[in-house]
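Understanding the architecture of this molecule
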Amino acid sequence: MNEVIIGGIKYIPEKINDESHYVIVRTYSAGVFAGYIESRNGREVIMTDARRLWMWEGASSLSELSQKGTSEPNKCKFPCIVSKIELLEVVEILYCTNKAKNSIDSVPIWTSH
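Since the structure is predicted, the reported quantities are computational estimates derived from the model, not experimental observations.

So, the sheet that holds strand β5 (residues 44-52)
The five strands lie next to each other as β6-β5-β4-β3-β7, forming an open sheet whose pairing is antiparallel. Two strands lie at the open edges of the sheet, namely β6 (81-87) and β7 (90-95), each paired on one side alone. Sheet twist, expressed as the mean angle between neighbouring strand axes with direction ignored, is 40°. Relative to β7, strand β3 (residues 22-27) is paired through five bridges, and the arrangement is antiparallel. The residue bridging T27 from the neighbouring strand is V90, located in β7. Contacting β3, β4 (32-41) and β5, helix α2 (residues 98-106) crosses the sheet at an angle of about 70° to β3.

Here it is, written out as C-alpha cells:
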C-alpha cells in the first residue's frame, strides 16, 4: 500500500490480507455484499462466501455496520450466502471487525417465501 501525505504528515496504511479478512463491498449498481475477497483487479472484485446486504437496520451506515454490526438482526434482509461472485464497479471496501462479522452472520437468511 502506498503512503499518503496529508497536511505534511506521512501516513502508511497497515497491510491487510484481503483473502483472509471479512469485508463489506459496495458496488456502483449491484448493491452491497459481505464476504471474503478472493482477488481484485482495479474495480473488479471476486468474492467468496458472499452475502448480499439487501436491507439493514440497527446501523446508521455501512461504516457502522462494518465496525459494530447490526443491533436489529431480525429487521435486516440478507439472502443466502453464494460461494462465489464477481463484482464490477466496486466503489468501496470496508474491513469488518470480528464483532461485525458475527453480527452479520447472525442475521436470519431472508427469502421471498
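Moving on from the coordinates now.
Some details on the packing of aromatic side chains
Per the counting criterion, the structure on display carries two aromatic pairs. Aromatic pair Y22 and Y36: ring centres 5.3 Å apart, planes at 75°, arrangement edge-to-face. With Y22 in strand β3 and Y36 in strand β4, this residue pair connects regions lying 14 residues apart in the sequence. For Y22, a relative accessible area of 7% puts it in the buried group.

A word on the pattern of salt bridges
Opposite charge on two side chains lets them pair, provided their charged atoms get close. A complete count under the given rule lists five salt bridges for this structure. As a salt-bridge pair, E89 and R43 come within 3.3 Å of each other at their nearest N and O atoms. On the criterion of sequence distance, the pair formed by E89 in the loop between β6 and β7 and R43 in the loop between β4 and β5 is long-range, its members being 46 residues apart. Between K75 and E72 there is a salt bridge; the shortest N-O distance is 3.9 Å. You can call K75 partly exposed: its relative accessible area is 44%.

Rules behind the numbers
Residues numbered from 1 in each chain as written. Predicted model: local features only at pLDDT ≥ 70, side-chain atom pairs only at ≥ 80, totals over all residues. Heavy atoms only, no water. Pairing = 2+ DSSP bridges. Helix = DSSP H or I, 4+ residues; strand = E, 2+ residues; numbered from the N terminus. Axes fitted to C-alpha atoms, helices over the stretch in contact; angles between N-to-C directions. Contact = heavy atoms within 4.5 Å. Phe/Tyr/Trp six-rings, centres within 6.5 Å; stacked < 30°, edge-to-face > 60°. Buried < 20%, exposed > 50% of the residue type's maximum accessible area, 1.4 Å probe, protein only. Salt bridge = Lys/Arg side-chain N within 4 Å of Asp/Glu carboxyl O.

Keep in mind these values describe shape, not function.
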